[in-house]
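Below are the chains, spelled out letter by letter.
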Amino acid sequence: MKKTFIILIGLLIIGVGFIVFFNGNQKQEDPKILSQLEDKGNVNGKREFLFSLTNVGENKAELEFPTWLEYNWSIGDLDNKEIPSEEIIVENIDLNENANEGRILVLEPNEKIEYRLLISKIPKGNYEIAIDSSSGYGSTHSQEFTIEK
């Protein structure tokens, strides 16, 4: 009886070990993040862009941002003129600016985070803005826009 009991306990331990091993080795699904860029036009004399990240996956998505600026952006002049950067004012709204360091953001399925980017004092001309998430998820978006003063 003792031998049977010890064999059953051993088989149970081996069975549980296999279950834990194979369940623990399943590959975690990569986050499915949809990024979008929308030109909201002129708002109070400033050009407004809305950049958003949406978790379109079935699981929580953990996004790690290395700095407080949670997206990378650039503006290019399509008229082949040099942009006087000291004149342009860019406001990064809706960021975690309270900390100089980055953060980890957890998005639930179908949850969205939005960032507003306001550009003012930009000279007349044709431009292109490019933006992407500094978390590495989503894609790079670019959009052409015109400033007519």
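Described below are features of the structure shown in this document. Values in this document were obtained by computation on a predicted structure and should not be read as measured data.

### Things to note about the overall build of the protein chain
Okay, so step 1: Tallying secondary structure elements over the protein chain gives one helix and nine strands in all.
Okay, so step 2: Going from N to C terminus, the protein chain has its helices and strands arranged as α-β-β-β-β-β-β-β-β-β.
Okay, so step 3: In the protein chain, buried positions account for 30% of the 149 residues.
Okay, so step 4: Within the protein chain, contacts between residues separated by at least 24 positions form 71% of all contacts whose residues are at least 6 apart in sequence.

### Considerations on the pairing of strand β1 (residues 33–43)
Okay, so step 1: Bridging between β1 and strand β2 (residues 46–55) involves 10 bridges; their strand directions are antiparallel. Within the sheet, the bridge partner assigned to leucine 37 lies in β2 and is phenylalanine 51.

### Observations regarding the pattern of salt bridges
Side chains carrying opposite charge are able to pair once their charged atoms draw close together.
Okay, so step 1: Overall, the coordinates contain six salt bridges when judged by the stated rule.
Okay, so step 2: Its salt-bridge partner being aspartate 39, residue arginine 47 comes within 2.8 Å of it at the nearest N-O pair.
Okay, so step 3: One salt bridge in this structure joins glutamate 91 and lysine 46, with 2.6 Å as the shortest N-O distance. Of this pair, glutamate 91 sits in strand β5 (residues 89–93) while lysine 46 sits in strand β2, placing them 45 residues apart in sequence.
Okay, so step 4: For glutamate 91, a relative accessible area of 25% puts it in the partly exposed group.

### Some points on the sheet that holds strand β7 (residues 112–120)
Okay, so step 1: Here four strands make up an open sheet; going across it, the order is β1-β2-β7-β5 and the pairing antiparallel. Of all the strands in the sheet, the pair left with one neighbour each is β1 and β5. The sheet shows a mean angle of 15 degrees between the axes of neighbouring strands, direction not considered.

### A short note on the nonpolar core
Okay, so step 1: One finds Leu53, Tyr115, Ile119, Ile122, Ile129 and Phe145 to be the most contacted residues of the largest nonpolar core, which totals 24 residues.
Okay, so step 2: Listed by contribution, the elements that provide at least two residues to this core are β1, β2, β3 (61–67), β4 (71–77), β6 (101–107), β7, β8 (125–133) and β9 (141–147).
Okay, so step 3: In terms of residues, this core owes the most to one element, β7, which gives four residues.
Okay, so step 4: Among all residues touching tyrosine 115, those that are not within four sequence positions of it are Phe49, Leu50, Phe51, Leu53, Phe65, Glu70, Tyr71, Ile93, Asp94 and Leu95.

### Let's talk about unusual backbone geometry
For residues other than glycine, phi is negative in most cases, and the peptide bonds are mostly trans.
Okay, so step 1: In this model, asparagine 44 sits at a positive phi of 55 degrees, which is unusual for a non-glycine residue.
Okay, so step 2: Here asparagine 44 is to be found in the loop between β1 and β2.
Okay, so step 3: For asparagine 44, a relative accessible area of 77% puts it in the exposed group.
Okay, so step 4: Its identity as a non-glycine residue notwithstanding, asparagine 110 has a phi of 70 degrees, on the positive side.
Okay, so step 5: As for its position among the elements, asparagine 110 is in the loop between β6 and β7.

### Some points on the pairing of β2
Okay, so step 1: Counting buried positions along β2 yields nine of 10 residues, so the element is predominantly enclosed.
Okay, so step 2: Two successive antiparallel strands, β1 and β2, enclose a turn made up of two residues, where asparagine 44 displays a positive phi of approximately 55 degrees.
Okay, so step 3: With eight bridges connecting them, β2 and β7 associate as antiparallel partners. Opposite leucine 53, over in β7, you have isoleucine 113 as the bridge partner.

Conventions used here
Residues numbered from 1 in each chain as written. Predicted model: local features only at pLDDT ≥ 70, side-chain atom pairs only at ≥ 80, totals over all residues. Heavy atoms only, no water. Helix = DSSP H or I, 4+ residues; strand = E, 2+ residues; numbered from the N terminus. Buried < 20%, exposed > 50% of the residue type's maximum accessible area, 1.4 Å probe, protein only. Contact = heavy atoms within 4.5 Å. Pairing = 2+ DSSP bridges. Salt bridge = Lys/Arg side-chain N within 4 Å of Asp/Glu carboxyl O. Axes fitted to C-alpha atoms, helices over the stretch in contact; angles between N-to-C directions. Core = buried A, V, L, I, M, F, W, Y, C linked by side-chain atoms within 4.5 Å.

Read these as layout, nothing more, since geometry by itself doesn't imply function.
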